[in-house]
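Understanding the architecture of this molecule
So the chains spell out like this:
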Amino acid sequence: MLEEVERWLTRRSWSAADRPLDRLVAAKRGTTISVVLPALDEESTVGEIVTVIRRELMEAVPLVDELVVVDSGSTDRTPEVAAAAGARVVHRDAILPRIPAVPGKGEVLWRSLMVTSGDIVCFIDADLREFSADFVSGIVGPLLTEPDVQFVKGMYDRPLGPEFDALASGKAAGQGGRVTELVARPLLNLHWPQLAGFVQPLGGEYAARRSLLERLPFPVGYGVELGLLVDALHTVGLDALAQVDVGSRKHRHQDEQALGRMAAAIYRTAQLRLSRGHLVRPSLTQFERGEDGFVPRTYAVDTEERPPMREIGEYAARRAA
């Protein structure tokens, strides 16, 4: 590990407990905070997350100013459950209708900038179980108390669950983040060694100043977390980035084929940042066993990125109003 990264770890890695809520509320001084939950078919978890944020960070203390669930086409009751719990729910397709929406988490996060107003924007995945308000207060904390910090990632344990524990052994038993360990961490260590100190580079819980987010391109799919992290490094430098330990993250785990598609999108996002040249065959073929043997299934790898939001006319007009 680079000496620069070792120094960064001691200066820019904290625990959520380091900043009590009363200290954060006192440090706000007019700064506004928006929390965004990107959601697709998460009716079993989104309501509890919204309830906890409203109860502990909006009603008990005035930390969060705006709580928005951006639904990307749920076929279950996700929008109704989120609204009943107290979130403002906006459908992805209703945001910037001039630009046809494409599937993908990054697409939803990018569009969320158009329908939120906070000086700090905090993204929280909507599939978390046993949710703690520390996920929000922990990662927005450095942005309120450290003027030079602009982008904060959550770090945490990721238990896989008992069905996986029987297959694991040693220190890594029960740990999730398989794409992180097999794809993202090697890529970062090899090509962006300044980012080698991030415990959860692909984690979906992070916060940043709007003034930074509106300057960054957003990969539309699974590559969004790696893309934002790398681009934030190049835009504001390592010392403006930080991470906070928020405990344990429990969520729904995807099967290996879905993880393969995620890995391909992340690799492609990294490849674009290493060389903006032409990509050969931006697709991924996987195999499923059928009645007559293995059947190939080919999936397109996300090949689109949204430009920095400040380049969008509607956003610029809204900010000027």
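Here the structure is shown first, and the text comes after it.
A brief structural summary. (Residues numbered from 1 in each chain as written. Predicted model: local features only at pLDDT ≥ 70, side-chain atom pairs only at ≥ 80, totals over all residues. Heavy atoms only, no water.)

Right, let's get into the nonpolar core. The biggest cluster of nonpolar side chains holds 50 residues, and the ones touching the most others in it are Phe 151 and Leu 195. If we skip the residues at most four places from it in the chain, Leu 195 touches Leu 188, Leu 229, Val 230, Leu 233 and Leu 241. In this structure, Val 61, Ile 120, Phe 135 and Val 246 belong to the second largest nonpolar core, which totals 42 residues. (Core = buried A, V, L, I, M, F, W, Y, C linked by side-chain atoms within 4.5 Å. Buried < 20%, exposed > 50% of the residue type's maximum accessible area, 1.4 Å probe, protein only. Contact = heavy atoms within 4.5 Å.)

So, on to the pattern of salt bridges. This structure, assessed with the given rule, holds 19 salt bridges. Glu 66 is the salt-bridge partner of Arg 88, the closest N and O atoms lying 2.8 Å from each other. Taken together, the residues span a long stretch of sequence, with Arg 88 in strand E4 (residues 88-91) and Glu 66 in strand E3 (residues 66-71) at a distance of 22 residues. For the salt bridge of Asp 231 with Arg 273, the shortest nitrogen-to-oxygen distance reads 2.9 Å. Remark: Arg 273 occurs in helix H11 (residues 256-274) and Asp 231 occurs in helix H10 (residues 224-236); sequence separation between them is 42 residues. (Salt bridge = Lys/Arg side-chain N within 4 Å of Asp/Glu carboxyl O. Helix = DSSP H or I, 4+ residues; strand = E, 2+ residues; numbered from the N terminus.)

Moving on, we come to the packing of aromatic side chains. In this structure the tally under the stated criterion is 5 aromatic pairs. Taken together, a centroid distance of 4.8 Å and an interplanar angle of 45° make the contact between Trp 8 and Phe 198 tilted. Here the residue Trp 8 occupies a position in helix H1 (residues 3-12), and Phe 198 occupies one in the loop between helix H8 (178-191) and strand E8 (206-209), the gap between them amounting to 190 residues. Across the pair, Phe 198 and Trp 8 agree in class, each one buried. Judged by centre distance (5.4 Å) and plane angle (70°), the rings of Phe 123 and Tyr 206 are edge-to-face. Of the two residues, Phe 123 sits in strand E5 (residues 120-123) while Tyr 206 sits in strand E8, which places them 83 residues apart along the sequence. Judged by its relative accessible area of 1%, Phe 123 is buried. Owing to a relative accessible area of 1%, Tyr 206 belongs among the buried residues under this scheme. (Phe/Tyr/Trp six-rings, centres within 6.5 Å; stacked < 30°, edge-to-face > 60°.)

Any functional reading would require information beyond the geometric quantities listed.
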